[in-house]
Amino acid sequence: MAATFIRPATLTDLPAMMGIIEEARQLLAVDNIPQWQDGYPNKESIKQDIENEIAYVLVNDQQVAGVAALQTWPDPDYSEIFAGAWQRPGQKHYATIHRIAIAQRYRGQHLAQLFLSNLTSQAWQLGFDQVRIDTHPTNQRMRHLITKSGFDFAGEVHLKERAVPERLAYQLFLKSEVD
């Protein structure tokens, strides 16, 4: 049985990570989803995630099977929300999952849901009781994964510096308000 787990990414993972990003970019293009078609994420942004110690890889049978960032500071793009509202808006302490992708050869094995679950657990271990995530409105695959993983729709956010800025935003609380 192959071991599957997450770990912090290192610079030696960068080539494998970029290969997975490129495969995801191609899948999005085939599906006519404009997300990631503007050259982002790129090698520099992924390298910066590693240097900022927010990059994670999903390892399956000792191979890098997925990539993601678990941002541990408030996302400035989430300061305004449209067509909805953040639940518990006073809570500014949250982690955000960005740039998540699974290698083509692992698609269909439910590893994306496992990866999202592990990233959520990592957020909890880091002291966060809320996790946020966003995706392009036409990215049905990701929207399904997000809601299947327990996230609730919050509204629309606009990403600065993106050619197509509209994203649907979701949040997951790891602790109830009464805890």
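Residues numbered from 1 in each chain as written. Predicted model: local features only at pLDDT ≥ 70, side-chain atom pairs only at ≥ 80, totals over all residues. Heavy atoms only, no water.

Novice: Can you help me understand the packing of aromatic side chains in this one?
Specialist: Describing an aromatic ring pair means giving the distance of the ring centres and the angle of the ring planes. Taken as a whole, this structure holds three aromatic pairs when the rule is applied. Considering the side-chain rings of Tyr78 and Tyr94, the 6.4 Å spacing of their centres and the 20° angle between planes classify their relative orientation as stacked. In this pair, Tyr78 sits in the loop between β3 (63-71) and β4 (95-102) while Tyr94 sits in the loop between β3 and β4, placing the two residues 16 residues apart along the sequence. According to the relative accessible area criterion, Tyr78 is buried, its value standing at 2%. Ring geometry for Phe153 and Tyr170: centres 5.6 Å apart, planes at 70°, overall edge-to-face. Remark: Tyr170 occurs in strand β7 (residues 166-173) and Phe153 occurs in strand β6 (residues 152-158); sequence separation between them is 17 residues. For Phe153, a relative accessible area of 46% gives the class partly exposed. Judged by its relative accessible area of 3%, Tyr170 falls in the buried class. Ring pairing ties together the aromatic residues Tyr78, Trp86 and Tyr94, which thus form one cluster. (Phe/Tyr/Trp six-rings, centres within 6.5 Å; stacked < 30°, edge-to-face > 60°. Helix = DSSP H or I, 4+ residues; strand = E, 2+ residues; numbered from the N terminus. Buried < 20%, exposed > 50% of the residue type's maximum accessible area, 1.4 Å probe, protein only.)

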